[in-house]
Amino acid sequence: MLEEGPVDFGEGVEHNMTDGRRPLIAGNWKMNGGLDAVDDLAGALAGHMASLAAAPVFDMAVCPPFPLLPMIGAAIEESGVLLGAQDCHAAAKGAHTGDTSAGLLAELGCRLVIVGHSERRTDHDETDDLVRVKAEAAQAAGMAAIVCVGETEAERDAGRALEVVIGQVANSIPAASTAETLVVAYEPVWAIGTGKTATPDDAQEVHGAIRTALAERFGGNAAAAMRILYGGSMKPGNAAELLAKPDIDGGLIGGASLQADDFWAIAQAAG
Ligand code: 13P
């Protein structure tokens, strides 16, 4: 059975998860978006949300570059769109030039922080251990961590996709995680920005294995309430069939989140 009653997933946003997991459609802008994105993207999404006749049945989040967070936060204020960040430092504060603390992100209104994206694992040599500590920092600051996992093309070709992903799940996810403080994002590296998408069946196989691993670790009830997102060339044209799979609870979207109408169309597929 899923967790009963309202789940507080951020200020003023209560979700009743009794009837299942509430889809989360999150946009990872990566190193894209300038000042024009405040109106063109965030403002447009807020407008789309305001156009709904009834309360949305999905959560929507945007994760812009750090400097844009206050302005994007203002543009989406009271729209229901959640603010997220793309990374945080593991330490609460200190001499870490160029880094940003989870505490400051929370102060700026972030409810979510992406950690362990494959681009950071590659570009910044981030290990599972570092990703886990960053996720703990995000959780300690009152936010949910979106922990990213995913195999490379070589690992998939070698038949090691599940082994790699389950290993990352075991080592990158904090022990104290709950459905309110953890979102997992399965992002096969070979599908990111390439236009190649995992087939819905292949993605479901991995998502199912992730949920089984979460259940072994956190118990069946907690695992049943945890959201597992798919990421990797998700677009309006393929979102519905991916989101229809039982263990795909939303999307972490890169390229298609940079166009308000495309991102909104994906959210519609979740609703
Ligand atoms: P694309 O949607 O551009 O493939 O990026 C996915 C991703 O990396 C989201 O974090």
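Placed above this text is the structure.
Let me begin by describing the structure that accompanies this report. Keep in mind it's a predicted model, so treat the numbers as computed, not measured. (Residues numbered from 1 in each chain as written. Predicted model: local features only at pLDDT ≥ 70, side-chain atom pairs only at ≥ 80, totals over all residues. Heavy atoms only, no water.)

As for the packing of aromatic side chains
Point 1. This model, assessed by the stated rule, comprises two aromatic pairs.
Point 2. Judged by centre distance (5.9 Å) and plane angle (70 degrees), the ring pair of phenylalanine 58 and tryptophan 264 falls under edge-to-face. Of this pair, phenylalanine 58 sits in the loop between α1 (36-50) and β4 (59-63) while tryptophan 264 sits in helix α11 (residues 260-270), and the two are 206 residues apart along the sequence. The same class applies to phenylalanine 58 and to tryptophan 264, which are both buried. (Phe/Tyr/Trp six-rings, centres within 6.5 Å; stacked < 30°, edge-to-face > 60°. Helix = DSSP H or I, 4+ residues; strand = E, 2+ residues; numbered from the N terminus. Buried < 20%, exposed > 50% of the residue type's maximum accessible area, 1.4 Å probe, protein only.)

Side note on unusual backbone geometry
For residues besides glycine, phi is generally negative; the peptide bonds are generally trans as well.
Point 1. Non-glycine residue glutamate 78 carries a positive phi angle of around 65 degrees.
Point 2. Mapped onto the fold, glutamate 78 is located in the loop between α2 (69-76) and β5 (82-85).
Point 3. Its identity is not glycine, yet aspartate 125 carries a phi of approximately 55 degrees, on the positive side.
Point 4. Residue placement: aspartate 125 occurs in the loop between α4 (118-123) and α5 (128-140).

Re the environment of leucine 108
Point 1. Mapping leucine 108 onto the fold places it in the loop between α3 (102-107) and β6 (110-115).
Point 2. Residue classification places leucine 108 among the partly exposed residues on the basis of a relative accessible area of 32%.
Point 3. The spacing of leucine 108 and aspartate 201 is 93 residues in sequence and 39 Å in space, taken between C-alpha atoms.
Point 4. In this structure, leucine 108 is in contact with Leu69, Pro70 and Leu83, ignoring residues within four places of it in sequence. (Contact = heavy atoms within 4.5 Å.)

Details of the site of the ligand
Point 1. Contacts to the ligand come from 13 residues, most closely from Lys30, His117, Gly193, Ser233 and Gly255.
Point 2. Measuring from an oxygen atom of the ligand, one finds a backbone N or O atom of glycine 255 at 2.8 Å.
Point 3. In the complex, the protein chains occlude 95% of the 310 Å² of accessible area that the ligand would expose alone.
Point 4. Of the residues assigned to the shell around the ligand, the class counts are four nonpolar, seven polar and two charged. (Near = heavy atom within 4 Å. Polar contact = N/O pair within 3.5 Å; in protein donor to acceptor, adjacent residues only side chain to side chain. Areas by Shrake-Rupley, 256 points an atom, 1.4 Å probe, with all protein chains shown as cover. Nonpolar A, V, L, I, M, F, W, Y, C, P; charged D, E, K, R; others polar.)

Concerning the pairing of β6
Point 1. Counted residue by residue, β6 has five buried out of six residues, so it is predominantly covered.
Point 2. Two elements, β5 and β6, share three bridges in a ladder whose sense is parallel. Bridging from a neighbouring strand, leucine 83 pairs with cysteine 110 of β6.
Point 3. Chirality of the crossover, the property in question, places the unit of β5, α3 and β6 among those that are right-handed.
Point 4. With four bridges connecting them, β6 and strand β7 (residues 144-149) associate as parallel partners. Bridged to valine 115 within β7 is valine 147. (Pairing = 2+ DSSP bridges. Right-handed = clockwise from strand over helix to strand, strands pointing away.)

Some points on the packing of α1 against α2
Point 1. Relative orientation of the contacting elements α1 and α2 amounts to 35 degrees, with a least axis distance of 8 Å. Here α1 runs over α2; the crossing is right-handed. Note on element contacts: α2 touches α1 through Met71, Ile72, Ala75 and Ile76, opposite Ala37, Val38, Ala42, Gly43 and Ala46.
Point 2. Taken together, the residues of the contact of α1 with α2 break down into eight nonpolar, one polar and no charged. (Axes fitted to C-alpha atoms, helices over the stretch in contact; angles between N-to-C directions. Left-handed = near helix turned anticlockwise from the far one by under 90°.)

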